[in-house]
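So you can see what is in the structure, the chains are spelled out below.
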Amino acid sequence: MRIFVTGASGYIGSTVAEAFRRKGHWVAGLIRKETSKRALEQREIRTVLGEMRTPDSFLQFALEADVWIHCAAEMSAEWEALDRQTLTTLLDLSKRS
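Numbers given to residues run from 1 along each chain, matching the order in which its sequence is written. The predicted origin of the model limits local features to residues at a pLDDT of at least 70 and limits the giving and counting of side-chain atom pairs to 80 or more, whereas totals for whole chains, interfaces and linings rest on all residues. Excluded from the side-chain calculation are hydrogens and water; included are all heavy atoms of the structure.

Draft legend 1. Molecular detail of the overall build of the chain. What the chain contains, in helices and strands, is four helices and four strands. Tracing the chain from N to C terminus, the helices and strands come up as β-α-β-α-β-α-β-α. For 97 residues, the compact-globule estimate of 2.2 N^0.38 gives 13 Å, and the chain sits close to it at 12 Å. In terms of overall dimensions, the chain has a C-alpha envelope of 30 × 30 × 20 Å along the principal axes. For this analysis, residues touch if any pair of their heavy atoms sits within 4.5 Å. Pairs at least 24 residues apart make up 50% of the contacts formed inside the chain by residues separated by at least 6 positions. Each accessible area value is a Shrake-Rupley result obtained with a 1.4 Å probe; residue values ignore everything except the protein chains displayed when judging cover. For the chain, the exposed surface amounts to about 6000 Å²; the carbon and sulfur share of it is 52%. Each helix corresponds to a stretch of at least 4 residues labelled H or I by DSSP, and each strand to a stretch of at least 2 residues labelled E; elements are numbered beginning at the N terminus. The globule rule is 2.2 Å times the number of residues to the power 0.38, and the radius of gyration it is compared with is taken over C-alpha atoms.

Written out as C-alpha cells, the structure is:
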C-alpha cells in the first residue's frame, strides 16, 4: 500500500510512518524542515518538504498514495485554520479520485 503521512517528523507522525514502513508499505511523509529529512530517509520513508499552508507542496505525493494519514499540527494561532485547510484539501482530492 502507498501511504502519505502529514507531520511525519513529529512525535505521532514519525511513529505512524515508521510502523507502516516496517510492515513493508511505501511511505511518503510531509516534513517542514530539511533537518528532519535524514532521519526519515534512513528508515526508508520518502520525505516531502512542504507545509500545510501550501497544499501544492504535497499534493503530488498525496495523489500517488492509496491512504492519507493526517498527523501534522502547527502550534500557532493558525492551527485550526491550517488543520481545516489540510483536511479540506485531502477531502477534495478524494472526490477527484
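So much for the structure itself; the text now carries on.
Draft legend 2. Here's a closer look at the pattern of salt bridges. Each salt bridge in this description consists of a side-chain nitrogen of Lys or Arg and a carboxyl oxygen of Asp or Glu lying within 4 Å of one another. All chains considered together, the criterion is met by 11 salt bridges. Put simply, arginine 43 and glutamate 18 hold a salt bridge, and the shortest N to O gap is 3.2 Å. Of this pair, arginine 43 sits in the loop between α2 (37–42) and β3 (46–49) while glutamate 18 sits in helix α1 (residues 11–22); the two residues are 25 residues apart in sequence, bridging distant segments of the chain. Residue exposure (1.4 Å probe, protein chains only): buried if accessible area is under 20% of the type maximum, exposed if over 50%, otherwise partly exposed. Judged by its relative accessible area of 36%, arginine 43 falls in the partly exposed class. Here the salt bridges do not stand alone but share partners, grouping Arg32, Glu51, Arg53, Glu74 and Glu78 into one network.

Draft legend 3. Here's a closer look at the sheet that holds strand β4 (residues 67–70). With parallel pairing, four strands are arranged side by side in an open sheet as β3-β2-β1-β4. Each edge of the sheet is formed by a strand with only one pairing partner; in this case those strands are β3 and β4. Averaged over all pairs of adjacent strands, the angle between their axes in this sheet comes to 20°, without regard to strand direction. When DSSP finds two or more bridges between two strands, those strands count as paired. Two strands pair when backbone bridges link them, and strand β2 (residues 26–31) and β3 are joined in this way by four bridges, in the parallel orientation. Bridged to glycine 29 within β3 is threonine 47. Axis definition: a line fitted to C-alpha atoms, over the contacting stretch in the case of helices. Angles run 0 to 180 degrees between N-to-C directions. Taken strand by strand, α1 contacts β1 (2–6), β2 and β4, and its axis lies near 170° from that of β1.

Draft legend 4. Structural context of the nonpolar core. Grouped together as the largest cluster of nonpolar side chains are 11 residues: Phe4, Ala28, Leu30, Val48, Phe58, Leu59, Phe61, Ala62, Ala65, Leu90 and Leu93. Put simply, the parts of the chain that give this core at least two residues each are β2, α3 (59–64) and α4 (79–96). With three residues, the top contributor of residues to this core is α3. To qualify as a nonpolar core, a set must consist of buried Ala, Val, Leu, Ile, Met, Phe, Trp, Tyr and Cys residues joined through side-chain atoms within 4.5 Å.

Draft legend 5. Here's a closer look at the pairing of β2. Taken across its six residues, β2 has five buried, putting it largely inside the fold. Pairing analysis gives four bridges linking β1 to β2, with the strands arranged parallel. Note on β2: the bridge partner recorded for isoleucine 3 is valine 27. Handedness of the β-α-β unit built from β1, α1 and β2 comes out right-handed. Whether a crossover is right-handed depends on one test, that the path from the first strand over the helix to the second runs clockwise when the strands point away from the viewer. Crossover β2 to β3 through α2 is right-handed.

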